[in-house]
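For reference, the chains in residue letters:
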Amino acid sequence: RPELYPLAPRMDRDEWWPDDLFPRLGAAGYLGIAVPEEYGGVGSTLVTSGLVLQAISRWNHAVPISWVPHDNLCLDSLFRNGNKEQRRRYVPGLCKGTSVGALALTEPGAGSDAIGSMRTTARRDGDRYILNGTKLYITNGPIADVFIVYARLDRDANQPDAAAGPRPSVGAFIVEKGCAGFSVAQKLSKMGFRGSPTGELVFENCSVPAAS
């Protein structure tokens, strides 16, 4: 309570996110709760993670909105689905909070049917993929360092929507802040939960390794 509650008024009034908050959460053991200790996590369970989320929510409404995409949608997904090299490279920093995570799925025209209506594409080019498209309403977008980005694979690029045929093949890619061709187009102003930063992401011939 004494750490999070006093921050809430300014976060909501000024749409402000404290730069040191994720490192402080990591140092206190509130990140990577379901990740094994060998990777820098707490080594507990998703149930414990849910209880921590509930406790944080009691004292600051904006922090858990950003905590979930970081700890569950990005960190847990990367740990459970990534290979050993990806785990070694990204998981410890996400557990410490020195890296901030986000998940990029929804788009201007792809919300409730985010997969079927997806327009962002990933085209294979040798040992890399070229990403093109826009993601919208991405929590942590303006502050994140590591993004898991969903994109329609190139063989489905000409399929306009889900009604045109089978569900599209979609891949998940790790994109780092500062990657060439990737930018945060804008930080969105919201009516509520204003302290949790939300943004629009743009990919213009963004080249990422196929291994990502």
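See the structure above.
Note that the structure is a prediction, hence the values are computed from the model and not measured. (Residues numbered from 1 in each chain as written. Predicted model: local features only at pLDDT ≥ 70, side-chain atom pairs only at ≥ 80, totals over all residues. Heavy atoms only, no water.)

Visitor: Describe the side chain of Lys135, listing the residues and the values that go with them.
Guide: Secondary-structure assignment places Lys135 in strand β3 (residues 128-139). Within the structure, the side chain of Lys135 is placed 3.0 Å from the backbone oxygen of Leu105, a separation counted as a polar contact. Separated by 2.7 Å, the side chain of Lys135 and the backbone oxygen of Tyr150 make a polar contact. (Helix = DSSP H or I, 4+ residues; strand = E, 2+ residues; numbered from the N terminus. Polar contact = N/O pair within 3.5 Å; in protein donor to acceptor, adjacent residues only side chain to side chain.)

Visitor: Provide a residue-level description of the nonpolar core, including the pertinent values.
Guide: Most often, soluble globular proteins keep nonpolar side chains buried together rather than apart. Leu131 and Val175 are the most contacted members of the largest nonpolar core, which totals 34 residues. Once residues lying within four places of it in the same chain are set aside, the contact partners of Val175 are Leu131, Asp145, Val146, Phe147, Val149, Phe182, Phe203, Cys206 and Val208. Counting residues in each nonpolar core, the second largest holds 14 residues, with Val35, Tyr90, Leu94 and Val146 among its members. (Core = buried A, V, L, I, M, F, W, Y, C linked by side-chain atoms within 4.5 Å. Buried < 20%, exposed > 50% of the residue type's maximum accessible area, 1.4 Å probe, protein only. Contact = heavy atoms within 4.5 Å.)

Visitor: Report on the state of the cysteines, specifying residues and quantitative values.
Guide: Tallied over the full model, the rule gives zero disulfides. Just so you know, Cys74 is unpaired, no disulfide at all, and the nearest cysteine sulfur is the one on Cys95, 11 Å from it. Unpaired in terms of disulfides, Cys206 finds its nearest cysteine sulfur in Cys179, a separation of 3.5 Å. Residue class for Cys206 comes out buried when judged on its relative accessible area of 0%. (Disulfide = S-S within 2.5 Å.)

Visitor: Residue-level account of the packing of aromatic side chains, with values.
Guide: Within this structure, the stated rule accounts for six aromatic pairs. Residues Tyr5 and Trp59 carry aromatic rings whose centres are separated by 6.2 Å and whose planes lie at 85° to one another, so their mutual orientation is edge-to-face. Within this pair, whereas Tyr5 is found in the segment before α1 (8-14), its partner Trp59 is found in helix α3 (residues 46-59), the two being separated by 54 residues in sequence. What makes Trp59 partly exposed here is its relative accessible area of 25%. Between Tyr39 and Phe79 the ring centres are 5.4 Å apart and the planes differ by 70°, which places this aromatic pair in the edge-to-face class. On the criterion of sequence distance, the pair formed by Tyr39 in the loop between α2 (21-27) and α3 and Phe79 in helix α4 (residues 63-81) is long-range, its members being 40 residues apart. Across this residue pair, the class does not change: Tyr39 and Phe79 are buried. Taken together, the ring pairs connect Phe147, Phe182 and Phe203 into an aromatic cluster. We note Arg10 situated over the ring of Trp16; from NZ or CZ to the ring centre the distance is 3.7 Å. Lying across the ring of Phe79, Arg87 places its NZ or CZ 4.2 Å from the centre. (Phe/Tyr/Trp six-rings, centres within 6.5 Å; stacked < 30°, edge-to-face > 60°. Lys NZ or Arg CZ within 6 Å of the ring centre and 35° of its normal.)

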